[in-house]
2 protein chains.
Amino acid sequence: MSTVENANIWVGLDLGGTKMLATVYDAEFKPVGRKRLKTKGAEGTDSVTNRMIRAVREALEEAKVEPDRVSGIGVGIPGPVDQEKGIVLEAVNLSWENVPLAKLLQKEFDRPVVVLNDVDAGVYGEYRFGAAKSARTALGIFPGTGIGGGCVYDGQIIRGKRNSCMEIGHISVMPDGQLCGCGLRGCLETEASRLAIAGEVAKAAFRGEAPTIMKLTGTKIADIRSSVLAEAIAAGDKVVEQIVRRSARILGTAVASCVHLLCPDIIVLGGGLVEAMPELYVESVASAARKAVMPSFTDTFKVVAGKLGDDAGVMGCAAWAEKTFITRQTKADT
Amino acid sequence: MSTVENANIWVGLDLGGTKMLATVYDAEFKPVGRKRLKTKGAEGTDSVTNRMIRAVREALEEAKVEPDRVSGIGVGIPGPVDQEKGIVLEAVNLSWENVPLAKLLQKEFDRPVVVLNDVDAGVYGEYRFGAAKSARTALGIFPGTGIGGGCVYDGQIIRGKRNSCMEIGHISVMPDGQLCGCGLRGCLETEASRLAIAGEVAKAAFRGEAPTIMKLTGTKIADIRSSVLAEAIAAGDKVVEQIVRRSARILGTAVASCVHLLCPDIIVLGGGLVEAMPELYVESVASAARKAVMPSFTDTFKVVAGKLGDDAGVMGCAAWAEKTFITRQTKADT
């Protein structure tokens, strides 16, 4: 039996394009210390990793925990990672390529470190503590500027031979559709992300069909954020609601393809769009998905909004560290 | 150490719509006895299960193995199964619904029985012994009258909470496309299966563009089998080749969606179409898939033809029995 003295302590660190969040958890995953810092990606890799180290140190100080008491650190990255080697393969928003992050943090803290994709971390967080608890197959989809996806299958994050997968944002939904940032055409992401919605809404505003949008932001699509869309819908901009519902329907048909392939019992939706208008969005996705699956799949899945919000990622990071290092420990013991 | 005397013996039984194949394997999966029988589904469930029992008995006799020496039996079924409960949920070609097959065969042979989907069995066979050996993620696709799919991930057959999944034949490739047997529109299967090809080829024959087809079968699509298509292409029916290549390209774009989601390292193609024209078909699927994935996925996968032909299913059944019952044994021992 472990006493509180030697109970495990896990640290999660969720790195985003604009901010990072470090949280220290006790063995029951109660947060006991946290620190939020700006990412400042433009200042370069060394600066960002130094701030990451600082965020973890200050969260540990708040928790009154010495670094050598930490059982493991999990770090979520906005991009593909090689989990085996602990390398960030790419993080476009940070201009990172092949950064050996696990080694770097291990050296600093002398504790085991695992890196994972941030969307995978979010889905794993919802699987362990949130809306997808104890699902056999939990599919997570986070529509935002892009559309990220992750899948926890039988307690494991599904990944490819070298890196994270579940790139649901780039499955094709429209043959010869709009050009996507990835170079392909008609990807889900280019047809149905928050950015796709903003583009269509801006055109509607230009045509005089979305007066609230025109008043709030004008036609500048960078400013048409999820909260703005929700406000316009609440104020009665019918066209904005139609545009959001259409994008949710397109996502629903992509969800149907995932249901046919993976038969998830729960599909968790998260991210800005969903948080700004959970009912309208989740309901539209669910009904479109149900219409687009074979009859035998109709009742096999639920579509729900995430429960943990911003904490999904950082909790998932810490819990994945637990999963990774407890398993290794157990294997080493036998 | 096990001696030959008490080494494991595994039995595979692959049930198809028209024929069934039972094979007895030694512990190294060398076949030591086999029996092929017609299915005769029209004679009803009892008749079919009696023939299944007979096939296993006669294969055991050929192998000179007493039933009580068998460590486990794996049975592949053309339809969804509940593997936990050993129930065949549905087998459309046999008019089966909720048949408790594992219990029934256990009673007969007094040995452990596992039932699985036949496509899953085929992919597992190729994973263990054939073209997908030691893949981390092996995706198998079997285009025929329909298009079946299966996926082995990290040594496990991916399945849903209740039953088998990987219904790649019913992911949408054509919004508002042709009507599919499942009731949806534009499913991969209705746009690109052997049946879809036969429909298009029959029209070409009717128009006088496929003289060899006209000579071999006329416009009766039930007769336009894979071997006929291959013969017409070899004889110079250019339009037939174009139609087959187009269907392979459509399959390739569906493969691309699977690559984005699951990042398989190997995609194994099997079934009649592939066996009749492996090079033309595999090459067309591979190049279409490569064009339809994001740049970072281009080099992550190989597309290959299966190596085991008809034996993939029955070997997969037997090997899945080994995997299932050896694991249970090991767990019980610790």
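Structure: see above.
To start, this report covers the structure provided alongside it. (Residues numbered from 1 in each chain as written. Chains lettered and ligands numbered in written order. Predicted model: local features only at pLDDT ≥ 70, side-chain atom pairs only at ≥ 80, totals over all residues. Heavy atoms only, no water.)

This part is about the overall build of chain A. Per the secondary structure count, chain A includes eleven helices and 13 strands. A compact globule built from 334 residues should have a C-alpha radius of gyration of about 20 Å, and chain A, at 21 Å, falls within 12% of that. Summarising its shape, the C-alpha atoms of chain A cover approximately 60 × 50 × 35 Å along the three principal directions. Taken over 334 residues, chain A has a buried fraction of 57%. Sequence separation of 24 or more characterises 62% of the internal contacts of chain A that already satisfy a separation of 6 or more. Mean positive and mean negative side-chain charge positions of chain A (40 and 40 charges, respectively) differ by 1 Å. (Helix = DSSP H or I, 4+ residues; strand = E, 2+ residues; numbered from the N terminus. Rg over C-alpha atoms; globule rule 2.2 N^0.38 Å. Buried < 20%, exposed > 50% of the residue type's maximum accessible area, 1.4 Å probe, protein only. Contact = heavy atoms within 4.5 Å. Lys, Arg positive; Asp, Glu negative; His and termini not counted. Charge placed at Lys NZ, Arg CZ, Asp CG, Glu CD.)

Right, let's get into the sheet that holds strand E6 (residues 87-91) of chain B. In a beta sheet, neighbouring strands are held together by backbone hydrogen bonds and run either parallel or antiparallel to one another. Residue and element names in this part refer to chain B. Reading across from one edge, E5-E6-E7 is the order of the three strands in this open sheet, with antiparallel pairing throughout. With one partner strand each, in any of the chains shown, strand E5 (81-82) and strand E7 (96-99) form the two edges of the open sheet. Both E5 and E6 contribute to a ladder of two bridges, which runs antiparallel. The partner of Asp82 across the bridge, within E6, is Ile87. (Pairing = 2+ DSSP bridges.)

For interface size, the figure often reported is the accessible area lost on association. Contact residues are listed per partner, giving 36 residues for chain A and 36 residues for chain B. Note on chain A versus chain B: buried area summed over both sides is about 3100 Å², and carbon and sulfur give 66% of it. The interface formed by chain A and chain B holds zero salt bridges in total. Our enumeration of links across chain A and chain B arrives at 15 residue pairs in polar contact (both at pLDDT 80 or more). Of the residues in the side of chain A that touches chain B, the class split is 20 nonpolar, eight polar and eight charged. (Buried area = accessible area lost by both parts, 1.4 Å probe. Salt bridge = Lys/Arg side-chain N within 4 Å of Asp/Glu carboxyl O. Polar contact = N/O pair within 3.5 Å; in protein donor to acceptor, adjacent residues only side chain to side chain. Nonpolar A, V, L, I, M, F, W, Y, C, P; charged D, E, K, R; others polar.)

Residue and element names in this part refer to chain A. Taken as a whole, this structure holds 23 salt bridges over all chains when the rule is applied. A salt bridge links Arg57 to Glu108, with the shortest nitrogen-to-oxygen separation between them at 2.9 Å. Of the two residues, Arg57 sits in helix H1 (residues 45-63) while Glu108 sits in helix H2 (residues 101-109), which places them 51 residues apart along the sequence. Overall, Arg57 belongs to the partly exposed group, its relative accessible area being 30%. Note that Glu200 and Arg246 form a salt bridge whose closest N and O atoms lie 3.4 Å from each other.

Counting 122 residues, the largest nonpolar core has A:Ile213, A:Leu269, B:Ile213 and B:Leu269 as its most contacted members. Sort the elements by how many residues they give to this core and helix H8 (residues 238-262) of chain B lands first, with 14 residues. Once residues within four sequence positions are removed from consideration, B:Ile213 is found in contact with B:Val201, B:Ala205, B:Gly218, B:Ile224, B:Val228, B:Leu229, B:Ala232, B:Asp237 and B:Val240. (Core = buried A, V, L, I, M, F, W, Y, C linked by side-chain atoms within 4.5 Å.)

Considering the arrangement of structural elements, one finds B:Ile171 in the loop between strand E11 (156-157) and helix H4 (188-192). Sequence separation between B:Ile171 and B:Cys187 is 16 residues, and the spatial gap between their C-alpha atoms is 5.4 Å. Leaving out residues up to four positions away in the same chain, B:Ile171 has contacts with A:Ser257, A:His260, A:Leu261, B:Gly186, B:Cys187, B:Leu188 and B:Ala254.

A separate point is unusual backbone geometry. Positive phi, normally seen in glycine, also occurs at A:Asp176, with a value near 55°. For A:Asp176, the location among the structural elements is in the loop between strand E11 (156-157) and helix H4 (188-192). Taking relative accessible area as the criterion, A:Asp176 reaches 68% and is therefore assigned exposed. Although it is not a glycine, B:Lys40 adopts a positive phi angle of roughly 50°. Here B:Lys40 shows up in the loop between strand E3 (31-38) and helix H1 (45-63). What makes B:Lys40 partly exposed here is its relative accessible area of 40%.

This next bit is on the packing of H1(B) against helix H2 (residues 101-109) of chain B. All names here are of chain B. Between H1 and H2, the least distance of the axes is 11 Å, while the angle of their chain directions is 45°. Considering their axes alone, H1 and H2 lie oblique with respect to each other. Seen from above, H1 lies across H2 with right-handed handedness. Each of Thr49, Met52, Ile53, Val56 and Arg57 in H1 lies in contact with H2, whose residues at this interface are Leu101, Leu104, Leu105, Glu108 and Phe109. In terms of residue class, the contact of H1 with H2 is made up of seven nonpolar, one polar and two charged. (Axes fitted to C-alpha atoms, helices over the stretch in contact; angles between N-to-C directions. Parallel < 35°, antiparallel > 145°, perpendicular 65-115°, else oblique. Left-handed = near helix turned anticlockwise from the far one by under 90°.)

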